[in-house]
Structures are given as C-alpha cells and as structure tokens.
Amino acid sequence: MAEDLINNKDIYFPSYLGTNDKLISLLNRASQTLCEWFSKADKNGPLPFDESFKCIMPAEDGNSEEELFCEIESLLNNSFNPVHPGSLAHLDPPPLIFSILGDLIAAGLNNNLLAYELSPSVTLLEESLCKWFAKKIGFNDFSGGIAASGGTLSNLNALIAARNNAGLGSNPNSVLLVSEDAHSSFIKCIRVMGLDSTNLVRIKTDNKGRMDINYLKKSLEKCSFENKKIFAIVATLGTTVRGAIDPIKEISEICKQRKIWLHIDGSIGGIFAITSIPIEGLNNINQANSITINPQKIIGVTKTSSLLLVSNISTLENSFNTGLPYISSNKKIINRGEIGIQGSRPAEVIKLWLGLRFLGLKGIENVLKSSIKRKDFFIKNISKNKFDIYSGPLHIVSFLPKKLEPKDSDAWTQTKVNELINNNFMLSRPKFKGKYFLRVVMGNYNTKESHIKELLRLLDP
Ligand SMILES: Cc1ncc(COP(=O)(O)O)c(C=O)c1O
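In this text the structure is predicted, and so the values were computed from the model without any measurement.

Q: How would you explain the sheet that holds strand β9 (residues 396–401) if you had to name every residue and give the values?
A: In sheet architecture, strand pairing relies on hydrogen bonds along the backbone and comes in two forms, parallel and antiparallel. If you walk across this open sheet you meet the three strands as β8-β9-β12, and the pairing is antiparallel. Strands at the two margins of the open sheet, each flanked by one partner only, are β8 (387–391) and β12 (438–441). Neighbouring strand axes in the sheet, compared pairwise and without regard to direction, differ in orientation by 25 degrees on average. The sheet contact formed by β9 and β12 spans four bridges and is antiparallel. From the neighbouring strand, valine 397 faces β12, where its bridge partner is valine 440.

Q: Explain the nonpolar core to me, and be specific about the residues and the numbers.
A: Judged by nonpolar contacts, the single largest core of 103 residues is most densely connected at Leu176, Ala232, Ile233, Val234, Ala235, Leu262 and Leu309. A per-element tally of this core places helix α11 (residues 349–381) first, with eleven residues. Here this core gathers at least three residues from each of two domains, domain 2 (103–356) and domain 3 (368–459). In contact with alanine 235, not counting residues within four places along its chain, are Met211, Asp246, Ile248, Ile251, Leu262 and Ile264.

Q: Please set out the site of the ligand residue by residue, giving values where relevant.
A: Close contacts around the ligand come from 14 residues, with Gly150, Gly151, Thr152, His183 and Ser267 the closest. In terms of residue class, the shell around the ligand is made up of two nonpolar, eleven polar and one charged.

Q: Summarise helix α4 (residues 97–109); cite the residues concerned and give the values.
A: For α4, which comprises 13 residues, the first-to-last C-alpha distance of 19 Å matches the rise-based estimate of 18 Å (1.5 Å per residue) to within 8%. Along α4, the positions that sit buried rather than exposed are Phe98, Ser99, Gly102, Asp103 and Ala106. Buried residues of α4, viewed axially, fall in a sector of 150 degrees; they line one side. The outward face of α4, more than 90 degrees from its buried face, is lined by the exposed residues Ile97, Ala107 and Gly108.

Q: Explain the sheet that holds strand β7 (residues 306–310) residue by residue, including any values.
A: Across the sheet, which stays open at both edges, the seven strands sit in the order β1-β7-β6-β5-β4-β2-β3 with mixed pairing between neighbours. Because the sheet does not close on itself, it has two edges, and the strands there are β1 (144–148) and β3 (200–203). Between one strand axis and the next, the sheet turns by 20 degrees as a mean value, whatever way the strands run. Examined bridge by bridge, strand β2 (residues 174–179) and strand β4 (residues 229–236) share four bridges and lie parallel to one another. For leucine 176, the partnering residue across the bridge sits in β4 and is alanine 232.

Parameters and conventions
- Residues numbered from 1 in each chain as written.
- Predicted model: local features only at pLDDT ≥ 70, side-chain atom pairs only at ≥ 80, totals over all residues.
- Pairing = 2+ DSSP bridges.
- Helix = DSSP H or I, 4+ residues; strand = E, 2+ residues; numbered from the N terminus.
- Axes fitted to C-alpha atoms, helices over the stretch in contact; angles between N-to-C directions.
- Core = buried A, V, L, I, M, F, W, Y, C linked by C-beta atoms within 7 Å.
- Buried ≥ 20, exposed ≤ 12 C-beta atoms within 10 Å, placed from the backbone.
- Domains from an automatic or database assignment.
- Contact = placed C-beta atoms within 7 Å.
- Near = placed C-beta within 6 Å.
- Nonpolar A, V, L, I, M, F, W, Y, C, P; charged D, E, K, R; others polar.
- Expected span 1.5 Å × (residues − 1).
- Arc of directions from axis to C-beta.

Here you go:
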C-alpha cells in the first residue's frame with residue numbers, strides 16, 4: 001500500500017528498509033565539507049563574512065544535491081569560525097568533536113524532550129545527567145534539573161520557580177536583586193515575567209567587579225522599607241565582561257537568614273565547580289536554590305547545552321506542571337516539558353553527555369586549566385604601564401589604554417577591532433560602566449602562546 005502513496009524516485013526521509021545508501025553518501029559528503037571548512041580556518045580568518053552573501057529561498061522545485069552543497073559551502077565560508085586560533089571575542093569556543101557527533105545523532109533521532117513517551121532513553125539521560133551535575137556541586141537527593149536552549153532560558157526557568165516558590169506569582173511589588181555587572185538576560189527575564197525595570201534592583205560592585213555586600217545589605221533595608229517583596233537574589237559566578245565572582249558565601253548567608261531564593265548564574269564559571277581547579281571565590285555553591293551551568297560557553301559542548309540545577313526538583317514541578325493533557329504520563333518519570341518553560345525540545349543533552357564522556361573529568365579540567373593559563377599568559381605579558389586591565393579568576397580580560405577619556409573609548413576600540421580582524425584576531429568591544437573596552441576571551445583551545453604574543457604585539461599602541 002505504501003507504494004501506492006509515494007513516488008519511489010523521491011527519497012525525502014530515511015528508509016526503514018535497506019541500507020540508506022543515499023543518506024550515507026550525503027552524510028559522508030557533509031562531513032567532508034565540514035572538515036574542509038575547519039582546515040581552511042587558518043586561511044580565511046575568524047570572520048570571513050562577505051556582505052554580498054545571498055540567502056536563497058526555497059523554489060517551486062526542490063534543489064539538486066550539487067546546488068545544495070554549493071550553498072552549504074557558501075554558508076560555511078561566510079560564517080564566524082570558532083576553530084580559528086584568533087577567535088577570541090566571545091564565549092563561543094571550538095566545538096568538541098564528540099558533541100558534533102551528538103548533534104548529528106540528536107537530529108537523526110528527532111526525539112522530543114517534551115515527554116517520556118517521545119524520548120524514553122533521552123529523558124532518562126537528561127534526568128541522570130542533571131542529577132550527576134547536581135551531586136557534583138554538592139546538592140542532595142531532592143535535587144535535579146532541566147536543560148534549556150541557553151543561559152537566558154535557564155535563568156528564566158530559575159526566576160519563575162523562585163517567584164512561584166515565594167508565593168509572589170503576580171505581585172507587582174516583587175523584586176529581583178542582581179549586581180550591576182550581572183548579565184543583560186535578567187532585564188529580559190524581568191520583562192518576560194510581566195515586570196519592569198523598577199522590579200530589578202541592581203547592586204553596586206566593588207573594584208574587583210563583585211557584588212558589594214554593604215550595598216546589598218542597604219538595598220535589602222530599602223526594599224523592606226518600601227514594602228518590596230524580594231523573590232530572589234542572583235549571584236553571578238563569572239561576569240560577562242571581566243569574569244568576576246560575586247561573594248557567594250556571604251550572599252548565601254543573607255539569603256538563608258531572610259529565606260530568600262539564591263540563584264547562581266554560573267553560565268560562565270559554573271562548570272569549574274565540578275572540577276578540583278582552585279578558583280578564588282568558588283565555594284558554598286551548594287547553598288543556592290538554583291544554579292545555571294552552561295558548558296557551551298567554555299568547554300566547547302556545542303550550542304546549546306545549558307542546564308538549570310535546582311536543590312529541590314519539586315520547585316520546578318510546582319511552577320511548570322500543566323498536566324499535558326495530550327501526553328501519557330508515567331508516575332515514576334517526569335515529562336521534561338513539565339518542569340521548564342520550553343515545550344518541544346530536541347535531544348540536545350546527547351551532545352552534552354557525549355562531550356563530557358569523551359573528555360572525562362580529566363579532560364574537562366585540562367580544557368578549563370588551559371583557558372586559565374592562556375589568560376594568565378596574556379595578563380603577564382600585556383603592558384601594565386599602557387593598559388588598565390579588568391579581569392577576575394576566570395578566563396576573560398577586558399582592557400583599555402590608560403587615561404583614555406570615556407568619549408574616546410568608542411573610536412579607539414572600533415579602530416582596534418577593525419585592525420585586529422584584518423590581522424586575523426577577533427576581539428569584542430563590550431560597553432561597560434559608560435565606556436567601551438576591548439575584551440579577550442581565552443576559551444579557544446587552538447590559541448597557542450605564539451598567537452597571544454602576536455596579539456600583544458598588535459595591541460601595543
Ligand atoms: C553570565 C552570563 N549569563 C547568562 C548569559 C546568557 O546566556 P545565553 O546567551 O546562552 O542565553 C550569558 C551570555 O554570555 C552570560 O555571560
């Protein structure tokens with residue numbers, strides 16, 4: 001009967017019969033194309049985008065394999081290349097080999113993390129991996145977590161759970177406390193939660209970019225005086241511009257005393273907590289109610305692979321459960337679409353799981369330590385007489401020539417970014433405390449000392 005309905009000439013989907021020769025040859029060709037692109041990185045630079053790049057839309061007839069591979073190549077050749085040793089602008093390191101495989105398997109599997117019946121093995125895998133992480137950071141047996149497409153969504157999941165837990169669902173007086181250097185995703189979260197900028201209290205940071213505890217205490221008093229209800233305090237474990245770590249121990253004590261939810265945004269630095277690498281200020285994180293860990297940002301698990309871990313999984317169930325009326329439920333296993341904001345979700349956890357299994361704990365440490373070593377090498381060799389340097393215990397450095405007026409920082413950084421890209425180095429220029437800075441993120445495993453020396457030579461004004 002199937003033969004009556006389809007034209008055998010058209011092969012659109014994998015077959016349940018035979019060996020899928022067509023698909024195998026396409027996958028081989030795709031792998032070949034991708035690997036050639038990796039190896040061309042050195043020739044093309046980190047950002048070889050050509051503005052004449054054309055986005056061709058689907059036509060009446062489907063395109064041929066040849067045409068499509070031509071377009072895939074053009075897409076690759078006009079893309080940011082994280083494998084290039086000069087790709088040092090953002091938290092987007094080269095992809096781990098086994099994570100690339102994980103993405104391929106997840107795409108072919110096409111399972112849906114919405115529900116156990118749509119992804120039985122992967123549901124268990126995600127649950128187990130979250131528990132593994134949770135145990136590693138010192139949470140107890142009630143803990144668990146949920147994957148999400150990026151740190152922003154993991155933070156949002158946490159804040160919704162925190163507000164719900166505080167019984168402040170639709171209270172317009174509810175407020176969130178974050179440091180002034182916390183990530184901009186909190187502004188988005190607040191808006192999505194139906195609140196506005198008055199519900200986001202920003203606490204000053206000290207000269208190392210950490211939340212200032214005295215200001216935090218003053219803000220708590222002010223909130224109480226103004227009858228504002230705090231649903232969470234966020235401690236950032238690795239700020240975006242300089243990699244600072246808020247004083248987690250002190251903040252957690254304040255949260256305990258006042259029964260306030262502590263969320264740690266460990267999008268950048270959280271992964272260090274599962275290793276024995278000594279990082280100043282990384283302690284007591286198991287005192288938090290929730291923590292975002294985003295291995296895509298530093299160890300190269302492919303995007304996206306963010307996790308929200310919570311000390312008590314029932315807080316997520318209570319916040320997001322709807323009963324999913326069209327899905328079967330199994331009393332013992334939670335449908336993953338019921339403990340987070342996302343519904344249908346790909347089996348992204350496979351690339352996280354494979355990436356971590358491939359590295360092992362030693363490999364994870366190795367990758368993380370290498371990024372700290374590159375940062376240390378950069379800081380040791382950059383001229384302290386010429387630059388003001390803003391960094392912390394992690395692998396991020398922002399800097400600016402000494403005595404540069406804030407109004408001149410825009411033009412200086414723009415000129416430098418252009419000069420550097422012409423010399424195959426890509427740095428970013430974050431706006432921070434009213435000025436533009438140059439920022440280097442040392443998470444690229446392919447960057448060697450010789451590259452850093454060359455970068456420093458180009459930077460010397
Ligand atoms: C500290 C911090 N938190 C959250 C985020 C948001 O993560 P994502 O872009 O994966 O949503 C970032 C992004 O760089 C970040 O640096």
